[in-house]
Amino acid sequence: MRHTVTLLPGDGIGPEVADATVRVIEATGVKIEWEKMEAGAEVATKYGTPVPDEVINSIVKNRIALKGPLATPIGGGFASANVALRKRLNLYANVRPVKSHPGVKSRFENVDLVVVRENSEDLYSGLEHIVVPGVVESIKVITETACMRIGRYAFLYASKNGRKKVTSVHKANIMKLADGLFLECLRRCAREFPEIAYDEMIVDNTCQQMVMRPEQFDVMVMENLYGDILSDLASGLIGGLGLTPSANMGEGGIALFEAVHGTAPDIAGRGLANPIALMLSSALMLKHLGEDRAGHQIEGAIEKVLAAGTTLTGDLGGTATTTQITDAIIAGL
Ligand code: NAI
């Protein structure tokens, strides 16, 4: 069977890791017709928007996309292309599995958790204004609909993937109404899934617990901002952003797969990027497409290369280039 997938190589190291990932998928023998689209900083300069309508139309038509990172200017300029994509496609659940890899030097060897991040609201609503000069208001929006939707997603994910526990991460001691609503919804979801254990943890304590005893966590569900921060923290527990995949899942079966990391401007264009995070994202994508064998094959080949430890990129303590590690992974398929 041939699949058609929208490919967004993105900015910075995006094109390098996207090329490497396409090579690995081709080597599995799965037939994919790539509909290559441009989005991101350069596109914003050319067309005035980082996400042109044709990109959205392509993803809506194909229902599936693989995406490299997109740059967002800090403190001004155009609004985040990632947030725009997630909003326009209603990609409400961002699923970020974080697992220790044998052979990778990191602080822990026993991490196996999944961050389920609400992707559509919270402080990412983009509602900011200057009240008077020197006073800015950023509006945090939390709705029952979005909390119930992400809660059910987290419990269903746990149930389908043999996971035992869901932990809600919150700050309801301070944001009694907003995070209070989130918790109230999660408790309702927990009652719908009595076979899955449920607990709650305040976000600051969660950070401490994650760096002290990460093995206690299984599925973790949280609002958008906490999910953004805690998933990078979780990546750091297992060897860094070069190893962490993600899936953005929407209503109506639209799914967009991307690495957790950004455009890595400090190493872009030098052939030094670690392509594994996007390759692992593509393995999630292949499984979503029903190509389980190819997905497992890519994950297995990556594990072999990491365990051997001889062909690793700089972020993992090695000296290999993007091409060299990609060749090693293809050889290990
Ligand atoms: P970043 O993730 O791009 O980089 C953080 C650090 O990790 C850098 O030292 C970088 O070299 C390293 N790193 C990241 N990915 C790597 C890889 N695959 N291989 C080796 N090293 C890697 O985060 P930063 O610097 O905060 O953001 C840069 C830009 O990326 C910003 O414009 C930001 O908005 C954007 N961004 C985009 C995301 C997306 O498209 N989903 C996610 C996060 C950031």
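Look up a bit, the structure's there.
Let me sum up the structure you'll find in this document. (Residues numbered from 1 in each chain as written. Predicted model: local features only at pLDDT ≥ 70, side-chain atom pairs only at ≥ 80, totals over all residues. Heavy atoms only, no water.)

**As for helix H6 (residues 178-192)**
Definition in use: Going along the chain from the N terminus, every DSSP run of H or I of four or more residues is numbered as a helix, and every run of E of two or more is numbered as a strand. Expected helix span is given by 1.5 Å per residue-to-residue step, counting one fewer step than there are residues. Buried residues are those whose accessible area, probed at 1.4 Å on protein chains only, stays under 20% of the maximum for their type, while exposed residues exceed 50% and partly exposed ones sit between those limits. Every residue pair with non-hydrogen atoms within 4.5 Å of one another is taken to be in contact.
For H6, which comprises 15 residues, the first-to-last C-alpha distance of 22 Å matches the rise-based estimate of 21 Å (1.5 Å per residue) to within 8%. Listed in full, the buried residues belonging to H6 are Asp 179, Gly 180, Phe 182, Leu 183, Cys 185, Leu 186, Cys 189 and Ala 190. Considering only its buried residues, H6 is in contact with helix H5 (144-160), strand S8 (165-170), strand S9 (197-202), strand S10 (219-222) and helix H8 (224-237).

**Observations concerning the state of the cysteines**
To keep it simple, the criterion reads: Criterion for a disulfide: a pair of cysteine sulfur atoms at a distance within 2.5 Å.
Throughout the structure, instances matching the rule amount to 0 disulfides. Just so you know, Cys 185 is unpaired, no disulfide at all, and the nearest cysteine sulfur is the one on Cys 147, 4.7 Å from it. Looking at Cys 185, the relative accessible area reads 0%, which means it is buried. In this structure Cys 189 is not part of a disulfide, and its nearest cysteine sulfur, from Cys 185, lies 6.8 Å away.

**Regarding the sheet that holds strand S12 (residues 255-259)**
Where we set the bar: Pairing between strands requires that DSSP locate at least two bridges from one strand to the other. To get an axis, fit a line to the C-alpha atoms, keeping to the stretch in contact for a helix; angles then go from 0 to 180 degrees between the N-to-C directions.
Pairing is mixed across the open sheet formed by 10 strands, whose spatial order is S2-S1-S3-S12-S11-S4-S5-S10-S8-S9. The two strands at the open ends of the sheet, each matched to only one other strand, are strand S2 (31-36) and S9. Each strand of the sheet is rotated relative to its neighbour by a mean of 25°, with strand direction disregarded. As defined by bridge partners, strand S4 (residues 93-99) adjoins strand S11 (residues 245-249) across 3 bridges and the pair is classed as antiparallel. Within S11, the residue paired with Val 95 across the bridge is Ala 247.

**A look at the pattern of salt bridges**
Defined as follows: By definition, a salt bridge exists where a carboxyl oxygen of Asp or Glu is found within 4 Å of a side-chain nitrogen of Lys or Arg.
Under the defined criterion, the tally for this structure stands at 21 salt bridges. For Lys 171, the salt bridge is made with Asp 204, and the minimal N-O distance between the two is 3.0 Å. Of this pair, Lys 171 sits in the loop between S8 and H6 while Asp 204 is found in helix H7 (residues 203-212), placing the two residues 33 residues apart along the sequence. Given a relative accessible area of 18%, Lys 171 falls into the buried group. Through salt bridges with shared partners, a single network forms among Asp 122, Lys 140, Asp 179 and Glu 223.

**What about the packing of H7 against H8?**
Stated formally: To sort the angles, those under 35 degrees are grouped as roughly parallel, those over 145 as roughly antiparallel, those from 65 to 115 as roughly perpendicular, and the leftovers as oblique.
Where H7 meets H8, the axes come as close as 10 Å, and the angle between the chain directions of the two elements is 10°. One element, H7, and the other, H8, form an angle in the roughly parallel class. Mapping the contact onto sequence places Val 203, Thr 206, Cys 207, Met 210 and Val 211 in H7 and Tyr 226, Leu 230, Leu 233, Ala 234 and Leu 237 in H8.

**With respect to the packing of helix H1 (residues 14-28) against helix H10 (residues 292-308)**
We apply this condition: We call a crossing left-handed when the near helix sits turned anticlockwise from the far one by less than a right angle, and right-handed when that turn is clockwise. Residues are grouped as follows: nonpolar covers Ala, Val, Leu, Ile, Met, Phe, Trp, Tyr, Cys and Pro; charged covers Asp, Glu, Lys and Arg; every other residue, Gly included, is treated as polar.
Two elements in contact, H1 and H10, have axes separated by 10 Å at closest approach and are oriented at 125°. Judged on the interaxial angle alone, H10 and H1 are oblique. Crossing of H1 over H10 shows right-handed handedness. Together, Val 24, Ile 25 and Thr 28 of H1 and Ala 294, Gln 297 and Ile 298 of H10 make up the contact between the two elements. For the contact of H1 with H10, the residue count by class is 4 nonpolar, 2 polar and no charged.

**Considerations on the packing of aromatic side chains**
What counts, and what does not: By convention, a stacked pair of Phe, Tyr or Trp rings (six-membered ring in the case of Trp) has centres within 6.5 Å and planes under 30 degrees apart, an edge-to-face pair has planes over 60 apart, and any other such pair is tilted. For a ring to carry a charge above it, either NZ of a lysine or CZ of an arginine must fall within 6 Å of the ring centroid while also lying within 35 degrees of the normal to the ring plane.
Tallying each qualifying case throughout the model produces 3 aromatic pairs. Seen from their ring centres, Phe 155 and Phe 193 are 5.4 Å apart, and the 20° between their planes marks the pair as stacked. Placement of the pair is Phe 155 in helix H5 and Phe 193 in the loop between H6 and S9, with a sequence separation of 38 residues. Assigned by exposure class, Phe 155 and Phe 193 land together as buried. Within the aromatic cluster, the residues linked to one another by ring pairs are Phe 155, Phe 193 and Tyr 198. Seen from the ring of Tyr 124, Arg 117 lies directly overhead, with NZ or CZ sitting 5.4 Å from the centre.

**A look at the site of the ligand**
Using the following cut-off: It suffices for a single heavy atom of a residue to lie within 4 Å of a molecule or strand for the residue to be listed as near it. The definition of a polar contact used here is a pair of N or O atoms within 3.5 Å, where within protein one atom must be able to donate a hydrogen and the other to accept one, and adjacent residues in sequence count solely through side-chain atom pairs. In these tables, accessible area is a Shrake-Rupley quantity obtained with a 1.4 Å probe, and a residue counts as shielded only by the protein chains included in the view.
Taken together, 21 residues surround the ligand, and among them Leu 70, Gly 262, Ala 264, Asp 266 and Asn 274 come closest. A distance of 2.9 Å is found between an oxygen atom of the ligand and a side-chain nitrogen or oxygen belonging to Asn 82. With respect to the ligand, the backbone of Ala 264 contributes an N or O atom lying 2.7 Å from an oxygen atom. Across the complex, the protein chains shield 69% of the 820 Å² of accessible surface that the ligand would expose by itself.

**Focus on a nonpolar patch on the surface**
Basically, it comes down to this: Each patch is built from residues that are more than 30% exposed by relative accessible area and take part in no salt bridge. Like charges join if they lie within 9 Å; nonpolar side chains (Val, Leu, Ile, Met, Phe, Trp, Tyr) join within 5 Å.
Together, Val 131, Val 132 and Val 135 give the surface a local cluster of nonpolar side chains, amounting to about 230 Å² of exposed area. Mapping Val 132 onto the fold places it in strand S6 (residues 128-132). Exposure remark for Val 132: the relative accessible area of 44% places this residue in the partly exposed category.

**A short note on the side chain of Asn 94**
Locating Asn 94 in the fold gives a position in strand S4. There is a polar contact of 3.3 Å between the side chain of Asn 94 and the side chain of Arg 96. At a separation of 3.3 Å, a polar atom in the side chain of Asn 94 contacts the side chain of Asn 248. Ignoring sequence-local partners within four residues, the contact set of Asn 94 consists of Arg 86, Val 115, Val 116, Arg 117, Asn 119, Ser 246, Ala 247 and Asn 248.

Without other data, these values stay purely geometric and don't point to any function.
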